[in-house]
Amino acid sequence: MFSTTGLRLQQQAPRPDEQKSKSESEPEPEEAPKKRRWGFWRTTWRITYTSLLGTLGYIAYNIYDTRHPKANQAPPDPSKKTLVILGSGWGSVSLLKKIDTSNYNVVVVSPRNFFLFTPLLPSCTTGTVEHRSIMEPIRGIIRNKQSDVTYYEAAAHSIDYENRKVVVRDAVNLSDGEQPDEKVIPFDYLVIGVGAMNSTFGIQGVQENALFLKDIQDAQKIRKKVMDCIESASFKNLDDEDRKRLLHTVVVGGGPTGVEFAAELQDFFEDDLKKWIPDIAKDFKVTLVEALPNVLPSFSKQLIDYTERQMKAEKISILTKTMVKKVTEDTIIAEATKPDGTKETVEMPYGLLVWATGNAVRPVVRELMSKIPAQKNSRRGLLVNEYLVVEGTEGVWAVGDCTATKYAPTAQVASQQGSYLGGLFNQLARAEELENEIKKLEKNAESSGEGSKRSEVLNEIELKTKRLRRTKSLLPFEYSHQGSLAYIGSDRAVADLAVFGDGNFATGGSLTYIFWRSAYISMCFSMRNKVLVLLDWLKVKVFGRDVSRE
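Everything numeric here is computed off the predicted structure, so don't read it as measured data.

Q: Tell me about the sheet that holds strand 22 (residues 492–498), residues and numbers included.
A: The pairing of strands in a sheet happens through backbone hydrogen bonds and is either parallel or antiparallel. Spatially, the three strands line up as an open sheet ordered 21-22-23, and their pairing is antiparallel. The open sheet has two edge strands, strand 21 (483–489) and strand 23 (504–509), and neither has a second partner. With strand direction ignored, the average angle separating the axes of adjacent strands in the sheet is 5°. Inspection of the sheet shows strand 22 paired to strand 23 by six bridges, in the antiparallel sense. Looking at strand 23, one finds that Asp496 is bridged to Ala506. Its contacts with the sheet put helix 15 (residues 510–523) on strand 21, strand 22 and strand 23, and the angle it makes with strand 22 is roughly 70°.

Now the structure itself:
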């Protein structure tokens, strides 16, 4: 008999050639990490191009949606209440975005038929951003609402809050001597968002000789004046005092607008003007004047110090504790406070003066305030309560720079106020709808007699009454500060961001500049604005800024 154990072992034992093939195939495990590495990059690439395709698809959809407004908007309904909105700034447009226009007959009145993204206005003065890239037509906004919105390119002339009427005047350019047409618009609800004018603080010569920075026309005037001064200076002798005066720009106001304009102008000189017009390099100068002890007073101390150091490194002169007293055609007379407390008079010859400080009440707002006893002690604007209702009136609200509140007159405040009012009006409409439904149910209960049907109707009335009480419990407006941003030149920015509770996160530098740009892009009103601003920045990076006059 044979033993099968040895046979099995013999069969299982590998042959020499098999051992050789196994030894040759031993390096195979080393290929697994390579495959894993390539798998990682392949996955990353797939995620990247899928994200890019998704982003492009999202942009394309938004552009298509913008280019193809609603075909059939509901016409005005005489049975609905009329809401008149004055202005097309941050507060008014935020209200328009939020409100359900199917609940009201909405009428918008503004002499400016576009919304302006004001944070990028200083960039328009030097051509970093084209002015049309930060403008969004009002017609484009209202054509995408649920119901038809009436728009008048007109300026509010007077407000009769007791008789619920607004008198407006045609704002289209008229020939000399021609009187503008007037129109009377009745309203049930009125929202005043007309903003404010530039304040000169009564300083002699400011209104006649300074340029302001509140609107597109202001930015265009500054752009032309900059190039006029440079070209005129090029015509002068090299050592001419008048030539140095023409190349000196003075910016009054150390807030974000003044700081950003000074930084943009210095960038324009360093990156472009100096290359194409080298003769002006020796005498070109930018001076920033601020009456307070430091610039950017709303920012933290560390960012203020960083900003002042950075701007001085960029050769921007900063004069703090310096108050302008008088302005002539070519000279600023100011009073500066020295470190020891003594005062001295400073004379600054200038070619361009940009006034970037102070707000003043518009005539239509001042006239309304004079009619309301509760407004007699206000000087800065309309006093409003916690629901933004104008004190001393009923059914009249106000938002933005035309109000006198504890908040700073910024776009952020006006935007949140407008959004709050949009939600409030939607809530009021829901409350009115519930009241009408309850009245109908009460009539049904009276006619239904006794029985289960009446009980069902009474239960429904009770439920809707509870909903009505909740809907009518309006919450007051509360401002949530998201932070402050400012561009300070040389591709650097500062950010004072609100974090948990009352804390803040202060940062500045090149990375903050990237955040500043991304934040402003995200805040742009429409996809059209976002794309145009991005293309403008890319164009400047590739070709530089245009140094032509227009």
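Structure's up, so let's keep going.
Q: So what about the environment of Ile318? Which residues, and what values?
A: As for its position among the elements, Ile318 is in strand 14 (residues 316–319). Between the alpha carbons of Ile318 and Thr287 there is a distance of 5.9 Å; along the sequence they are 31 residues apart. If sequence neighbours within four positions are ignored, Ile318 has contacts with Leu288, Val295, Glu308, Met311 and Lys312.

Q: Describe in detail helix 8 (residues 216–234), supporting the description with residues and values.
A: With 19 residues, helix 8 extends 28 Å from end C-alpha to end C-alpha; this agrees with the ideal 27 Å at 1.5 Å per step. Those residues of helix 8 that fall on the buried side of the exposure criterion are Ile216, Asp218, Ala219, Ile222, Arg223, Val226, Met227, Cys229, Ile230 and Ala233.

Q: Explain the side chain of Ser378 to me, and be specific about the residues and the numbers.
A: In this structure, Ser378 sits in the loop between helix 12 (363–371) and strand 20 (396–398). Judged by its relative accessible area of 7%, Ser378 is buried. Only 2.3 Å separates the side chain of Ser378 from the backbone oxygen of Gly381, close enough to count as a polar contact. Not counting the four nearest positions on each side in its chain, Ser378 is found in contact with Met369, Leu383 and Ala404.

Q: Describe unusual backbone geometry, with residues and values.
A: Despite not being glycine, Arg164 has its phi angle at roughly 60°, a positive value. Mapped onto the elements, Arg164 comes out in the loop between strand 6 (154–160) and strand 7 (165–170). On the accessibility criterion, Arg164 (23% relative accessible area) is partly exposed.

Q: Summarise the environment of Thr320; cite the residues concerned and give the values.
A: Looking at where Thr320 falls in the secondary structure, it is placed in the loop between strand 14 and strand 15 (322–327). Look at Thr320 and you get partly exposed, because its relative accessible area is 25%. In sequence terms Thr320 and Glu335 are 15 residues apart; their C-alpha atoms lie 11 Å from each other. The contact partners of Thr320, leaving out residues within four places of it in the chain, are Glu290, Leu292, Pro293, Asn294, Val295 and Glu308. A polar contact is formed between the side chain of Thr320 and the backbone oxygen of Pro293, at a distance of 3.5 Å.

Q: Can you break down the nonpolar core residue by residue, with the values?
A: Ranked by size, the top nonpolar core spans 118 residues in total, and within it Leu86, Ile134, Ile192 and Phe425 carry the most contacts. Mapping this core onto the domain boundaries places at least three of its residues in each of domain 1 (73–172 + 179–194 + 363–401 + 408–426) and domain 2 (211–359 + 480–543). Residue contacts for Leu86: discarding those within four places in its chain leaves Ser92, Val109, Ala156, Ile159, Val166, Leu190, Val191, Ile192, Gly193 and Val194. Listed in part, the 15 residues of the second largest apolar core include Phe212, Val252, Met348 and Leu353.

Q: An account of the side chain of Ser526 is requested, with residue identities and associated values reported.
A: Mapped onto the fold, Ser526 is located in the loop between helix 15 and helix 16 (527–543). One polar contact links Ser526 to Glu136, side chain to side chain, over a distance of 2.8 Å.

Q: Tell me about the sheet that holds strand 18 (residues 352–355), and name the residues and values.
A: Pairing is parallel in the open sheet, where five strands are placed in the order 11-18-12-13-14. If you trace the sheet from one side to the other, it starts and ends with strand 11 (211–212) and strand 14, each paired once.

Q: Go over the pattern of salt bridges, please, and point to the residues and values.
A: Counted by the stated rule, this structure contains 15 salt bridges. Arg243 serves as the salt-bridge partner of Asp283, at 2.4 Å between the closest nitrogen and oxygen. You can see Asp283 sitting in the loop between helix 10 (256–276) and strand 13 (285–289) and its partner Arg243 sitting in helix 9 (residues 241–246), a full 40 residues away along the chain. With relative accessibility at 2%, the residue Arg243 sits in the buried group.

Q: Quick one: what's the story with a positive patch on the surface, residue by residue and with numbers?
A: Together, Lys466, Arg467, Arg469 and Arg470 line one region of the surface with positive charge. Along the polypeptide, Arg467 turns up in helix 14 (residues 452–472). Residue class for Arg467 comes out partly exposed when judged on its relative accessible area of 42%.

Q: I'd love a proper account of the packing of aromatic side chains, names of residues and values included.
A: Taken as a whole and assessed by the stated rule, the structure comprises 19 aromatic pairs. Taken together, a centroid distance of 5.9 Å and an interplanar angle of 15° make the contact between Tyr513 and Trp516 stacked. Here Trp516 and Tyr513 lie together in helix 15, a separation of three residues that amounts to about one turn. Exposure class is identical for Tyr513 and Trp516. Each is buried. The interplanar angle of 35° and the centroid separation of 6.5 Å between the aromatic rings of Trp516 and Trp537 together place this pair among those described as tilted. You can see Trp516 sitting in helix 15 and its partner Trp537 sitting in helix 16, a full 21 residues away along the chain. Assessed through its relative accessible area of 3%, Trp516 is described here as buried. An aromatic cluster is present here, built from Trp90, Phe115, Phe117, Tyr487, Tyr513, Trp516, Tyr520, Phe525 and Trp537 joined pairwise through their rings. The ring of Trp537 carries Arg517 above its face, with NZ or CZ at 4.1 Å from the centroid.

Q: Tell me about the domain arrangement of the protein, and name the residues and values.
A: With domains assigned, the protein is organised as domain 1 (73–172 + 179–194 + 363–401 + 408–426), domain 2 (211–359 + 480–543) and domain 3 (430–469). Placing a centre on the C-alpha atoms of domain 1 and another on those of domain 3 gives a separation of 37 Å.

Q: Describe the pairing of strand 16 (residues 331–337), naming the residues involved and giving the relevant values.
A: Direction of pairing for strand 15 relative to strand 16: antiparallel, over a ladder of five bridges. Paired with Thr322 across the strands is Ala336, a residue of strand 16. The turn linking strand 15 back onto strand 16 is made up of three residues. In the sheet, strand 16 pairs with strand 17 (residues 343–349) via seven bridges, with the strands oriented antiparallel. Across the sheet, residue Ile333 finds its bridge partner in strand 17, namely Glu347. Hairpin connection from strand 16 to strand 17: five residues lie between these consecutive antiparallel strands, with Gly341 at a positive phi of about 95°.

What counts, and at which threshold
- Residues numbered from 1 in each chain as written.
- Predicted model: local features only at pLDDT ≥ 70, side-chain atom pairs only at ≥ 80, totals over all residues.
- Heavy atoms only, no water.
- Pairing = 2+ DSSP bridges.
- Helix = DSSP H or I, 4+ residues; strand = E, 2+ residues; numbered from the N terminus.
- Axes fitted to C-alpha atoms, helices over the stretch in contact; angles between N-to-C directions.
- Contact = heavy atoms within 4.5 Å.
- Expected span 1.5 Å × (residues − 1).
- Buried < 20%, exposed > 50% of the residue type's maximum accessible area, 1.4 Å probe, protein only.
- Polar contact = N/O pair within 3.5 Å; in protein donor to acceptor, adjacent residues only side chain to side chain.
- Core = buried A, V, L, I, M, F, W, Y, C linked by side-chain atoms within 4.5 Å.
- Domains from an automatic or database assignment.
- Salt bridge = Lys/Arg side-chain N within 4 Å of Asp/Glu carboxyl O.
- Patch = residues over 30% accessible without salt bridge, like charges linked within 9 Å, V, L, I, M, F, W, Y side chains within 5 Å.
- Areas by Shrake-Rupley, 256 points an atom, 1.4 Å probe, with all protein chains shown as cover.
- Lys, Arg positive; Asp, Glu negative; His and termini not counted.
- Charge placed at Lys NZ, Arg CZ, Asp CG, Glu CD.
- Phe/Tyr/Trp six-rings, centres within 6.5 Å; stacked < 30°, edge-to-face > 60°.
- Lys NZ or Arg CZ within 6 Å of the ring centre and 35° of its normal.

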